[in-house]
Amino acid sequence: MLTAIRDLPATIVGVEAHEKVTADDYGKIRLLYVLGPEFPEFTAGAAWEDTKLGLGRLRHWERIAVVGDADWLRRAIHALSWAMPGEVRVFASNEIDDARAWVTS
């Protein structure tokens, strides 16, 4: 079994192996991506890094919940969701609990 390691720096994702690790432990990826209220700008470099991340393991993405209030971002995700890996839903900032519930269900 694999479990997430908490309290690491923001740039590090930690995973700890327990007992028996199987292929199922490396299953689908679910992402909760929260864009704070101060999110007015997303550089071209950041967009490219997001693209590389998404395409790197295309068939492993299962669900992506994006939380943010920028209208252009919501429109872009809705317009391009057909090309994104897995199932993608956009939630407003005040719907963060709904986003968390959806991505973990």
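Use the structure listed above.
Residues numbered from 1 in each chain as written. Predicted model: local features only at pLDDT ≥ 70, side-chain atom pairs only at ≥ 80, totals over all residues. Heavy atoms only, no water.

This part covers the pattern of salt bridges. Tallied over the full model, the rule gives 2 salt bridges. Where E62 meets R30, a salt bridge forms, and the shortest distance between an N and an O atom there is 2.9 Å. In this pair, E62 sits in strand β4 (residues 61-67) while R30 sits in strand β3 (residues 29-34), placing the two residues 32 residues apart along the sequence. When its relative accessible area of 33% is taken as the criterion, E62 is described as partly exposed. Owing to a relative accessible area of 34%, R30 belongs among the partly exposed residues under this scheme. (Salt bridge = Lys/Arg side-chain N within 4 Å of Asp/Glu carboxyl O. Helix = DSSP H or I, 4+ residues; strand = E, 2+ residues; numbered from the N terminus. Buried < 20%, exposed > 50% of the residue type's maximum accessible area, 1.4 Å probe, protein only.)

Turning next to the pairing of strand β5 (residues 87-91). As judged from the 5 bridges shared by β4 and β5, these two strands associate in the parallel manner. Note on β5: the bridge partner recorded for V66 is V90. The β-α-β motif built from β4, the intervening helix α2 (residues 71-80) and the parallel element β5 has right-handed crossover chirality. (Pairing = 2+ DSSP bridges. Right-handed = clockwise from strand over helix to strand, strands pointing away.)

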